[in-house]
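Observations on chain architecture
One letter stands for each residue in the lines below.
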Amino acid sequence: MQGAGESDIIEKWDQNGPYPFVIRYLSQGADSGKVVAARYDGMNNPGVMSTTLINDSKFHHVAFVRRTENGKGTLSLYIDGKLEGSAPDTTTGNTENSSPLYLGCRGGFALFFAGQIKDLQIFHRGLTRTEVASISEKRTPLDWGWDRFEGFFEGGFRPVSNLHYGYSREQTEFRSMTLSTLETKPAGYTAPLTASETSERMAENALVKSRCAEYLRAVAPDIGEKQPDIRYYVWKKSFEDRPTGVRLFARPPTERTHMYATRDQVYAAKSWIGQMLGAPWCVALTLATPHDPYHVPPAESYTIEFKDPANPTVHEMFIAMVESMDFYIGKLLSSEEPEIREQLRNAVIVFVTDNGTQDTNPDNRAQLLDKDKGDDKNSPYIGAVHVPMIIADGGALLGCRPCYLSGAGDKAAVHGVCKDLVHIVDIYKTFTDIAGVEAPWAEDSNSLKPYLQSTSVTPRKYNFGQQYPKTDDRVTPKFASITDGTYKLSWIRRLSEIVDGGAKDGYDYVFSKLEPHDTAKGALKETPIPDFRKDPALLAKAKELHAEMSKQRLDAGDIEGTPRDPLPFPPL
């Protein structure tokens, strides 16, 4: 598989003896632009050539995999997750050598690759086709600019855990994942695994089951192995570290100390903060709780008493998860370690959440926490968009002098409460101001620095938010809302009448007044005003909100298959 007109992308070969793998780029002749991957044992030189051309000056994901099935080796080459071809591995002798690993050249002196190489990964086992496709599609936190990441970044614990344990995307919604079902395949299982791959997966699952059972007996003895759902315990963790170059994806729970997600995430952040030793830092501790799948946290972290400990209700587990989150965050903020306290004493801490809990349980479609349907997650209503923001000064929190927030006078920010509108995008400009750097893209972000330091404030007049899918999706609705804090105007597309901007596209404008909630202290409810057009004052307010909404766009225009310009909002 060698020849003229090729350059080397990666190979473990210095031109002496056999080699376990090489990946080369063809740059001349009829096959110019193709990729070749091969092995060599001194006599046999099997390889695979791509059919896809890489000649568009863009990055592409290339994967070369060797797997053994029924005692026979197979070589497979993938470009951007697509299988380009396979060939029998005819090597029979030893392919090991003492050569260094070379990137972009052969032997350090020849056949230089005139391109760029990034995100190299070498695995200790042959990946499945599904795993290769998943990796080729990934953009990870290091790609986004972070220096360290620990956790999961593909989605919530419910769908991600299911995918990691062999369920297809179409089968991510099932009643629960329990210890008793961990080693079994769900009905309709269609993941493209060979017999050998299935055996490997089942062996891993058996080990995870044993470890998880032991862990549950220790940390949640009241319910132990009868845990209603184990996905917060058996989730697979990813780890990336820019300084060391280590990137590990979807590692099993048997490789970490704390299986429970919330505890692991908080303690990982705590450990990293302790290593900063006075250097500037920023941590985004994003806890996926309280959220489905509902479960019983470790007993140390909650105080609620379940009416029936063997069969806790969703409401009871939800409260336990809230208490658990508070407990573990407390373990960080009240840490006794001097190195942690010194870091937190000079930190500004922001608490914020994304949206309300969905109305129904995705696993069984049962009603969840309240009786008001359609007003929470994935909706334009107040239950999905009205959440508090709490900003704490680490110095004041630890009983020391405030490090950033004003702490004296009638307008002291420490212990202060403000009901002005605030948007989550305001965190961006606020943090750049705290760091003392310019914010190049801050048109929609208002710094909260004046509030924190009790200087002159210009309140935000409106809050705008929207949701739109990238495809013509009949499950995830398009909607947008804008409020001035007293009134709220929402544009909602009817799922039953989708023409996507056409003359017959079905949509509604809903005009509401925001009022204190009847039972939830500090919360708001929205009362629709169907006849607002009959009242000149209300109509004027609706037009004011619509004029502000119209400065935005209904969607981004990136509809799959039919690119177009973003749509404007229709007339009121």
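Please refer to the structure higher up on the page.
Residues numbered from 1 in each chain as written. Predicted model: local features only at pLDDT ≥ 70, side-chain atom pairs only at ≥ 80, totals over all residues. Heavy atoms only, no water.

Turning to helix H3 (residues 157–164), a few remarks are in order. Counting buried positions over the eight residues of H3 gives six, a clear majority of the element. Three or more residues of H3 are buried, namely Phe157, Arg158, Val160, Ser161, Asn162 and His164. (Buried < 20%, exposed > 50% of the residue type's maximum accessible area, 1.4 Å probe, protein only. Helix = DSSP H or I, 4+ residues; strand = E, 2+ residues; numbered from the N terminus.)

With five of its five residues buried, strand S15 (residues 479–483) lies for the most part within the structure. Across the two faces of S15 the burial is the same, with Phe479, Ser481 and Thr483 and Ala480 and Ile482 all buried. Where S15 meets strand S16 (residues 487–493), five bridges bridge the pair, whose relative direction is antiparallel. Note that in S16 the partner of Phe479 across the bridge is Ile492. Here S15 folds back onto S16, and the loop between the two strands holds three residues, one of which, Gly485, carries a positive phi near 100 degrees. (Pairing = 2+ DSSP bridges.)

All right, on to the environment of Pro228 then. By the element assignment, Pro228 lies in the loop between helix H4 (195–219) and helix H5 (231–234). The spacing of Pro228 and Val296 is 68 residues in sequence and 7.5 Å in space, taken between C-alpha atoms. Residues contacting Pro228, with those up to four places away along its chain left out, are Ser176, Met177, Thr178, Ile223, Tyr294, Val296, Pro312 and Met317. (Contact = heavy atoms within 4.5 Å.)

Moving on, we get to the nonpolar core. Counting residues in hydrophobic clusters, the biggest one holds 45 residues, and the most contacted among them are Cys212, Ile230, Tyr233 and Val234. Where this core is concerned, the elements lending two or more residues are H3, H4, H5, helix H6 (261–274), helix H7 (314–333) and helix H8 (338–344). Apart from residues lying up to four places away in sequence, Cys212 is in contact with Leu179, Ile230, Tyr233, Val234 and Met259. With 17 residues, the next largest nonpolar core counts Phe464, Leu545, Leu554 and Leu567 among its residues. (Core = buried A, V, L, I, M, F, W, Y, C linked by side-chain atoms within 4.5 Å.)

This part takes up the side chain of Arg263. By secondary structure assignment, the location of Arg263 is in helix H6. Residue classification places Arg263 among the buried positions, given a relative accessible area of 19%. One polar contact links Arg263 to His258, side chain to side chain, over a distance of 3.2 Å. At a separation of 3.1 Å, a polar atom in the side chain of Arg263 contacts the side chain of Glu300. (Polar contact = N/O pair within 3.5 Å; in protein donor to acceptor, adjacent residues only side chain to side chain.)

Right, let's talk about the packing of H6 against H7 for a bit. Their axes nearest at 9 Å, the elements H6 and H7 cross at an angle of 15 degrees. One element, H6, and the other, H7, form an angle in the roughly parallel class. Between H6 and H7 the crossing geometry is right-handed. Facing Thr262, Arg263, Val266, Tyr267, Lys270 and Ile273 of H6, the residues of H7 in contact are Met325, Tyr328, Ile329, Lys331 and Leu332. Split by residue class, the contact of H6 with H7 holds seven nonpolar, one polar and three charged. (Axes fitted to C-alpha atoms, helices over the stretch in contact; angles between N-to-C directions. Parallel < 35°, antiparallel > 145°, perpendicular 65-115°, else oblique. Left-handed = near helix turned anticlockwise from the far one by under 90°. Nonpolar A, V, L, I, M, F, W, Y, C, P; charged D, E, K, R; others polar.)

Position of Ser76 relative to the elements: it lies in strand S6 (residues 72–79). Polar side-chain contacts of Ser76 include one of 3.0 Å to the side chain of Ser86. Those residues within four positions of Ser76 in sequence are excluded, and the remaining contacts are Ala63, Phe64, Val65, Leu83, Gly85 and Ser86.

Judged by side-chain polarity, Leu101, Leu103, Ile117, Leu120 and Ile122 come together as a nonpolar surface patch covering roughly 430 Å² of accessible area. With respect to the helices and strands, the residue Ile117 is situated in the loop between strand S8 (102–103) and helix H1 (129–137). (Patch = residues over 30% accessible without salt bridge, like charges linked within 9 Å, V, L, I, M, F, W, Y side chains within 5 Å. Areas by Shrake-Rupley, 256 points an atom, 1.4 Å probe, with all protein chains shown as cover. Salt bridge = Lys/Arg side-chain N within 4 Å of Asp/Glu carboxyl O.)

On to H6. When the terminal C-alpha atoms of H6 are compared, their 20 Å separation across 14 residues agrees well with the 20 Å that a helix rising 1.5 Å per residue should span. Most of H6 sits inside the fold, with twelve of its 14 residues counted as buried. By the burial criterion, the buried members of H6 are Ala261, Thr262, Arg263, Asp264, Gln265, Val266, Ala268, Ala269, Lys270, Trp272, Ile273 and Gly274. Taken together, the buried residues of H6 touch strand S9 (148–151), H3, H5, strand S10 (237–241), H7 and H8. (Expected span 1.5 Å × (residues − 1).)

Turning to the sheet that holds strand S7 (residues 82–88), a few remarks are in order. Read from one edge to the other, the open sheet built from three strands follows the order S5-S6-S7, with strand pairing classed as antiparallel. This sheet does not close on itself; its edge strands, each paired only once, are strand S5 (62–69) and S7. Taking each pair of neighbouring strands and ignoring which way they run, the sheet shows an average axis angle of 25 degrees. Relative to S7, S6 runs antiparallel, the two sharing six bridges. Within S7, the position partnered with Ile79 by the bridge is Lys82.

Taken as a whole and assessed by the stated rule, the structure comprises 20 aromatic pairs. Look at Phe511 and Phe532: their rings are 5.1 Å apart centre to centre, the planes differ by 45 degrees, and that puts the pair in the tilted class. Here the residue Phe511 occupies a position in strand S17 (residues 507–516), and Phe532 occupies one in the loop between strand S18 (524–528) and helix H13 (536–549), the gap between them amounting to 21 residues. For the pair formed by Phe511 and Phe532, the shared burial category is buried. Through a chain of ring-to-ring contacts, three or more aromatic side chains come together here, namely Phe152, Phe157, Tyr215, Tyr232, Tyr233, Trp235, Tyr260, Phe327 and Tyr328. Sitting above the plane of the Tyr267 ring, Lys270 keeps its charged end 5.4 Å from the centroid. (Phe/Tyr/Trp six-rings, centres within 6.5 Å; stacked < 30°, edge-to-face > 60°. Lys NZ or Arg CZ within 6 Å of the ring centre and 35° of its normal.)

In this structure, Pro290 follows Thr289 across a cis peptide bond, with omega equal to 0 degrees. Mapped onto the fold, Pro290 is located in the loop between H6 and H7. Note that the residue after Asp292, namely Pro293, is joined by a cis bond; omega there is 0 degrees. Mapped onto the secondary structure, Pro293 falls in the loop between H6 and H7.

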